[in-house]
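Fold and geometry: a report
Now for the letters of each chain:
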Amino acid sequence: MKVHYLCAYYSQWAHNNLAPRPTELWQSYKFCGAVKHGIMNGYLTIPWKKGPEKIAEKDAAKTRPVFGRFIEQRINAEYADCAIVPVPSKDSFDLDSFRSLQMVQQSLPAALQAQILPIVRFTKKLEAASRGGLRGFDAVFPHLEVATDAVPRAVVLIDDIVTTGGTLLATKRRLENRGFEVRAAIVCGKTVAATEKAFFPREFELTEEEGQIDI
């Protein structure tokens, strides 16, 4: 599956165990976290071509429309006929409006709101992967379901940060099992273990092997 991403996300593990983050990767690390959670500590700087933009801690929510413009550009360029499916966060099992859905809603412009289809959810309460919860395709797939009244069509998946890609691939498989065509995914950040350009739109191919983890 083709995955479009905006930022390199240099993880805390890499920072602690491989090499310290350079300044630009600190900015993208904080940016991805602000997009995901809607909050951040301190400030960050986005290196626009027209000049750097400083976003203060109190304005962390402004990062989401920046991600939304990236989504909008990719949708308009390649996926205009697709619905937009948020990859479910772990709190989706019992909430009408879960975290990843709110992220997508607050990121996208009004013109794309009607294309959002929050039709994939978790079926039980699970711990977040960042706190030791399930990670990887085989661990996640059994706990996902697609809404029974969902009508198959072409879709694009939206997520915050892709690491192993397990939840992305599990969401894709659930949808395809119901007759949906998953064209691609668009994410804010891709976890990297080596330094690379922090803010730069790019893409990669996510394979099922990459959705697995070794214990």
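Located above this text is the structure these notes cover.
Structure report, in brief. (Residues numbered from 1 in each chain as written. Predicted model: local features only at pLDDT ≥ 70, side-chain atom pairs only at ≥ 80, totals over all residues. Heavy atoms only, no water.)

1. Some remarks on the pairing of strand 4 (residues 83-86)
Quick reminder of the rule: Relative accessibility decides the category of a residue: with a 1.4 Å probe and only protein chains considered, values under 20% of the type maximum give buried, values over 50% give exposed, and everything between is partly exposed. Secondary structure elements are taken from DSSP: a helix is a run of H or I of four residues or more, a strand is a run of E of two residues or more, and numbering for both begins at the N terminus. A pair of strands is considered paired only if DSSP assigns at least 2 bridges between the two.
On strand 4, burial covers both faces: Ala83 and Val85 on one face and Ile84 and Pro86 on the other are all buried. The pairing of strand 4 with strand 7 (residues 154-162) spans four bridges and is classified as parallel. Along strand 7, the bridge assignment pairs Val85 with Leu157.

2. Quick look at the side chain of Ser11
Under the convention used in this document: Residue contacts are counted whenever heavy atoms from the two residues lie within 4.5 Å of one another.
Position of Ser11 relative to the elements: it lies in the loop between strand 1 (2-10) and helix 1 (12-17). Judged by relative accessible area, Ser11 falls into the buried class, the value being 15%. Residue contacts for Ser11: discarding those within four places in its chain leaves Arg21, Thr191 and Val192.

3. Here's the deal with the packing of aromatic side chains
Basically, it comes down to this: Between 30 and 60 degrees the pair is tilted, below 30 it is stacked and above 60 it is edge-to-face, where a pair is any two Phe, Tyr or Trp rings, Trp via its six-membered ring, whose centres lie within 6.5 Å. Working rule: Lys NZ or Arg CZ, within 6 Å of ring centre, within 35 degrees of ring normal, means a charge sits over the ring.
Within this structure, the stated rule accounts for five aromatic pairs. Between Tyr5 and Phe204, the ring centres sit 5.9 Å apart and the planes meet at 75°, which makes this aromatic pair edge-to-face. Within this pair, whereas Tyr5 is found in strand 1, its partner Phe204 is found in strand 9 (residues 199-205), the two being separated by 199 residues in sequence. Here Tyr5 and Phe204 have matching classes, each one buried. Where Trp26 meets Tyr29, the ring centres are 5.8 Å apart and the plane angle is 90°; that geometry is what we call edge-to-face. Here Trp26 pairs with Tyr29, and both are found in helix 2 (residues 23-37), just three residues apart, close to one helical turn. Taken together, the aromatic side chains of Tyr9, Trp26 and Tyr29 make up a single cluster linked through ring pairs. The positively charged end of Lys50 is found above the aromatic ring belonging to Trp48, 5.9 Å away from the centroid. If you follow Arg174 out to its NZ or CZ, it ends over the ring of Phe141, 3.8 Å from the centre.

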